[in-house]
Amino acid sequence: LYAAIGAQVQTVAELDDTPNFLTFRPDGSALLYHSISDGGIMTSEISGGVVASPELTDPVDSASDFRWVGNKLYTLEYLYDYREIDLYCDGELIAEGVSMYAGGYEICDDRVVYLTDWDSTKEMGTLRIYDGKETQTIAEDVHSFVCTGDGIAYLGEYSARRWEGD
C-alpha cells in the first residue's frame, strides 16, 4: 500500500491481502483502510508529510464499508450472509441487525436512518434514526424509505401481493 504526499510516494504497508475501503481522515491527518489479514481497520497517522506505520485501531472482522460524516467515522459490518449489518460510530455499536433490504440505511447530514427488525414475510421493519447521541424509533411496519432535504419519506403498510402501501 502506497501513499503520495505532495510529490513524495511512501510505502505504507506490505499487505497479504488487498485492502478495501481506503479513506483519509477529513482533516488529512491519517489514512485508514480495512485489512482482513491484519484483523480490522488500520490507521496510519500523517504528520509533517510522513505517513507512519499502520496500527490496528478497530478490530472489525468483516467491515463492508466505512465513511466519514463530519468528524465521525461510521463502520458497517456485514452479518448473516450479507442480509444484515451492524453499524458503528467511532467504534461504538449504534445499531444491530440493520436490514440490507429496501434501502437498509442512509446517512443524512449528521443523522443515520435505518431499518431494523426486518420481517421477510411481511417485507417490513422498524424505521429508526440515530442523531449522534441517541436512537429513536420513527415508525414500525415500514417497507422502504428515503431521506429528503428536510425530512424522511417512508412507505408503510406495504402489500407485496397488491404492490401498494401507505
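Everything discussed here concerns the structure shown above.
First things first, this report covers the structure right here in the doc.

Thresholds applied
Residues numbered from 1 in each chain as written. Predicted model: local features only at pLDDT ≥ 70, side-chain atom pairs only at ≥ 80, totals over all residues. Heavy atoms only, no water. Helix = DSSP H or I, 4+ residues; strand = E, 2+ residues; numbered from the N terminus. Buried < 20%, exposed > 50% of the residue type's maximum accessible area, 1.4 Å probe, protein only. Contact = heavy atoms within 4.5 Å. Areas by Shrake-Rupley, 256 points an atom, 1.4 Å probe, with all protein chains shown as cover. Polar contact = N/O pair within 3.5 Å; in protein donor to acceptor, adjacent residues only side chain to side chain. Pairing = 2+ DSSP bridges.

Our focus in this paragraph is the overall build of the protein chain. Each helix and strand in the protein chain was counted, giving zero helices and 16 strands. Buried positions account for 40% of the 166 residues belonging to the protein chain. Considering only contacts within the protein chain whose residues lie at least 6 apart along the sequence, 24% involve residues at least 24 apart. Carbon together with sulfur atoms contributes 45% to the accessible area of the protein chain, which is approximately 9,400 Å² in total.

In this section: the side chain of Gln 10. With respect to the helices and strands, the residue Gln 10 is situated in strand β2 (residues 8-11). With relative accessibility at 11%, the residue Gln 10 sits in the buried group. In this structure the side chain of Gln 10 is engaged in a polar contact, spanning 2.7 Å, whose partner is the backbone oxygen of Gly 49.

Take the pairing of strand β4 (residues 30-35) next. In terms of burial, β4 is largely enclosed, as six of its six residues are buried. Across the two faces of β4 the burial is the same, with Ala 30, Leu 32 and His 34 and Leu 31, Tyr 33 and Ser 35 all buried. In the sheet, β4 pairs with strand β5 (residues 40-47) via six bridges, with the strands oriented antiparallel. Its bridge partner being in β5, Ala 30 is matched across the sheet by Glu 45. Hairpin remark: β4 followed by β5, antiparallel, with four residues in the connecting loop; positive phi at Gly 39, about 95°.

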